[in-house]
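Residue-level structural notes
The lines below spell out each chain.
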Amino acid sequence: MTQQQQLLEETVSGLFAEMVVPMGRELDIDSDWKTLTQLGIDNIFVGEDEGGFAGSWQDARIVFYHAGRNALALPICETIVAKKLLLDANIELPKGPLTIATAIGSRLEPCADGDGYAFSGSLKAVAWGRISSAIVTACRHHDKDYLLVLSSADGVSSGGRANEAGEPRDNLDFNSAKVLAVSQFDGAEQALWGKAALMRTAQISGALDAALEMSVTHVKGREQFGRPLAKFQAIQQQLAMLAEECAAVNCAAQAAALAEDLGNSRFEIAAAKLRANRSVGSATSIAHQVHGAIGVTGEYNLHRFTQRLWAWRSEFGNDRFWAENLGRQVLAVKDGGLWAHITALSDNHAQQ
Amino acid sequence: MQNFNFTPLKMPPDVASLRRAVRSFLDTELAELKAVDKAQSWAGYSADFSRKLASKGWVGMTWPKALGGSEASALHRYVVIEELLAAGAPVAAHWIADRQSGTLLVRYASEAVQQRFVPAMARGEMFFCIGMSEPNSGSDLASIKTKAHRVDGGWVINGSKLWTTNAHRSQIMIALVRTTAQGQARHAGLSQFIIDLSSEGVKINSIADHLGARHFGEIFFDNVFVSDDMLLGAEGDGWNQVNSELALERSGPERYLSSYRLFAELLESLDGECDDATTQTIGEISADLWTLRQMSMSIAGQLAEGSEPSLEASMVKDLGACFEQNLPHSVQAGIGASIPSDRDSDLSETLSYLLMASPAFSLRGGTREILRGIIARGLGLK
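The structure presented is a predicted model; accordingly, all values stated were derived computationally and were not measured. (Residues numbered from 1 in each chain as written. Chains lettered and ligands numbered in written order. Predicted model: local features only at pLDDT ≥ 70, side-chain atom pairs only at ≥ 80, totals over all residues. Heavy atoms only, no water.)

1. Some points on the overall build of chain B
Here is the rule we go by: For the purposes of this entry, the term helix denotes a DSSP run of H or I that reaches at least four residues, the term strand denotes a run of E that reaches at least two, and both are numbered from the N terminus. This radius of gyration counts C-alpha atoms alone. The globule rule is 2.2 Å times how many residues there are, raised to the power 0.38. The classification of residues rests on relative accessible area computed with a 1.4 Å probe and restricted to protein chains. Under 20% of the type maximum is buried, over 50% is exposed, and intermediate values are partly exposed. Contacts are residue-level and defined by heavy atoms, with any inter-residue pair within 4.5 Å sufficient. Each accessible area value is a Shrake-Rupley result obtained with a 1.4 Å probe; residue values ignore everything except the protein chains displayed when judging cover. The charge count treats Lys and Arg as positive and Asp and Glu as negative. His and the chain ends do not count. We put the charge of a Lys on NZ, of an Arg on CZ, of an Asp on CG and of a Glu on CD.
Regarding its fold elements, chain B presents twelve helices and eight strands. Computed over its C-alpha atoms, the radius of gyration of chain B comes to 21 Å, within 12% of the 21 Å expected for a compact globule of 382 residues. Expressed along its principal axes, the backbone C-alpha trace of chain B runs to roughly 70 × 50 × 45 Å. Counting only residues that meet the buried cut, chain B has 57% of its 382 residues in that class. Restricting to contacts in chain B with at least 6 residues of sequence separation, those with at least 24 account for 75%. Of the roughly 14,900 Å² of accessible surface on chain B, a fraction of 49% belongs to carbon and sulfur atoms. Here chain B carries 35 positive and 45 negative side-chain charges, and the mean point of each set is 4 Å from the other.

Here you go:
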């Protein structure tokens, strides 16, 4: 980790820890959001001359990880990804919290008054949809890919149950809503989906580490049969397995972030999100099992992490989605199979 | 809580050309090797292959030039061994010498002893085995009974070793033995010795495994004399030496590639076409394999920089062994729509072999339970 990354890590880990929302407290988006943006956390990818961090995906991963590790209930990760997409598409950055979503049945057409474009389509389960000021989405129009920005206020709310952790996931319908900005962007939807999957992978990594830390602390303190749970081999072996899952996902997230920085990361992100998804079942079950009934108590914090893990496993590609995606990528390799492919990827990285 | 370090590794820029050279060598050398023989991975034995590989400079790569090595970086060696394993090359003969014994000699032995053994190891002519387990000592390694007592000019060794890989096909053993009686501190009083297996008083029997293959054996020492300079490192320091040696060998590519040939055969048999369920299985295996390679490479990078991430290495070995053991079961479970069921195919034969060979993957080099105990200690639970 570079010195700058260490500084970023210290900043965000301390900051996010103070933004934990206790049970029963209403989310105070405005004040916490102000704190985050005053420090420029949302501007990881923005250039230094525009007051940003001029950072990389490896830098952004640090923010995502600590957002997960602290179960941060704010759309900071979505905003960072949205801004990166807009920067790549040369679109001016809107103010306020942003989010990203893909659309079903979408249509882009010139506005009736000839000024700009109008968008129609349904956006399902948009993360922090109504709280965000604008939504970055992708659309195909006349065989070309476009990235566009919608004002959340133009969306008609059609429900959308919050995710397992109570984070807003809003359904928003747009009916010939004027887009705030649009730019042709090859592979817009894949780019959006991949970057969002990388974001969730790093968040999962952070939440897994938090669940492990809580579990270790708990079994050291809790005594049964006259000794701490930590002294029982059955508990030790379970927590070793949990630690291995944490390590694997952490490594996958870091390697995928590096790959994204170096260019083509289609394979790495698919593999990393799938690996992260696959850890969720066993990791959450171990963390809850060693906690006993305490772990499912409302005022105890474990559920803030496990609920997010259950939710994030589905978001931006569940196991099946990425397993098919990755499987197809591997089947498409003509010579030398998987081995030739993954070694070529890392050897290309080595030459950059 | 302790954080685990898995910083991604960027390989040195010139590894691609080395990789190409190794692949081109293997294309020729392995052309006639059957699929099921490739599946033996680092249990596949061919003294002839080891000599040819050594003639390319790919055995003992990191050792000093004066001892027949090429002073290559550990990462260049890493690329060579991952290519050997992915291709299913029969590396067993020189494997132990290359992976640990040579490095141990370079680190601890006198110059005369190094000159006697290491150049021959680097030529792929002198093979080593490691004497650790005994009839009553497996995971509880500190309970070993084989002992050495001092005599004029050296030591006399008595006892026996069991389940020693390649015992009957190696010239030399590095054995862990007791040099002082077991006292309060169980790990004290152990030392490592270099034992020439052609010495008087050594008796070796190979043992058939459940597949009928003879890759391990038992060795009896009846008043075997070794000279003073065959004591490796410091007397009584054997436990520490063995543990740092084990830590080095827990995270290499051999910890997740032991079943890779089955996956390669599977992909070949499908030729790019298959049903959704099989596609998903391929995706899942690929994600696990890619992640394990990232973890293994990260540790290789840390080792090359001089740190000893032994906790992380134990994690890679446990996760890797689970992966290697699950792979044959996933393939077996998926046979049907796309995966051919022809029992005479290379795929089927490879699958049968790996279903039966894979239980050993989580035993060799430290059992799953021992590894998880090490990790639990790292978490502060012990």
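Okay, back to it.
2. Observations concerning the domain arrangement of chain A
All names here are of chain A. Short version of the rule: Residue ranges for the domains trace back to a domain assignment, done automatically or taken from a database. Two parts placed together each lose some accessible area under a 1.4 Å probe, and adding up what both lose gives the buried area. A carboxyl oxygen of Asp or Glu within 4 Å of a side-chain nitrogen of Lys or Arg is what we treat as a salt bridge. The definition of a polar contact used here is a pair of N or O atoms within 3.5 Å, where within protein one atom must be able to donate a hydrogen and the other to accept one, and adjacent residues in sequence count solely through side-chain atom pairs.
As assigned here, chain A comprises domain 1 (3–88), domain 2 (98–184) and domain 3 (189–350). Spacing between the C-alpha centres of domain 1 and domain 3 amounts to 21 Å. Listed per partner, the contact involves 21 residues of domain 1 and 29 residues of domain 3. Interface area for domain 1 against domain 3, summed over the two sides, is near 2,000 Å², with a carbon-plus-sulfur share of 65%. For domain 1, the biggest contributors to the area lost against domain 3 are Trp57, Arg61 and Arg69; these three give 31% of the whole. Summed over the shared surface of domain 1 and domain 3, the number is three salt bridges. Where domain 1 packs against domain 3, one counts eight residue pairs in polar contact (both at pLDDT 80 or more).

3. Some thoughts on a negative patch on the surface
As a reminder of what qualifies: Two distance rules govern patches: like charges are joined within 9 Å, and nonpolar side chains (Val, Leu, Ile, Met, Phe, Trp, Tyr) within 5 Å, applied only to residues with over 30% relative accessible area and no salt bridge.
Judged by side-chain charge, Glu268, Asp271, Glu273 and Asp346 of chain B come together as a negatively charged surface patch. Note that Glu268 of chain B resides in helix α8 (residues 260–270).

4. Observations concerning the sheet that holds strand β7 (residues 169–178) of chain A
Residue and element names in this part refer to chain A. What counts, and what does not: Strands were regarded as paired on the criterion that DSSP finds at least two bridges between them.
Judged by pairing direction, the sheet is antiparallel, and its four strands sit side by side in the order β2-β3-β7-β6 without closing on themselves. Each having just a single partner strand, β2 (103–110) and β6 (156–157) make up the two edges of the open sheet. With two bridges joining them, β6 and β7 adopt antiparallel strand pairing. Bridging from a neighbouring strand, Ser157 pairs with Leu172 of β7.

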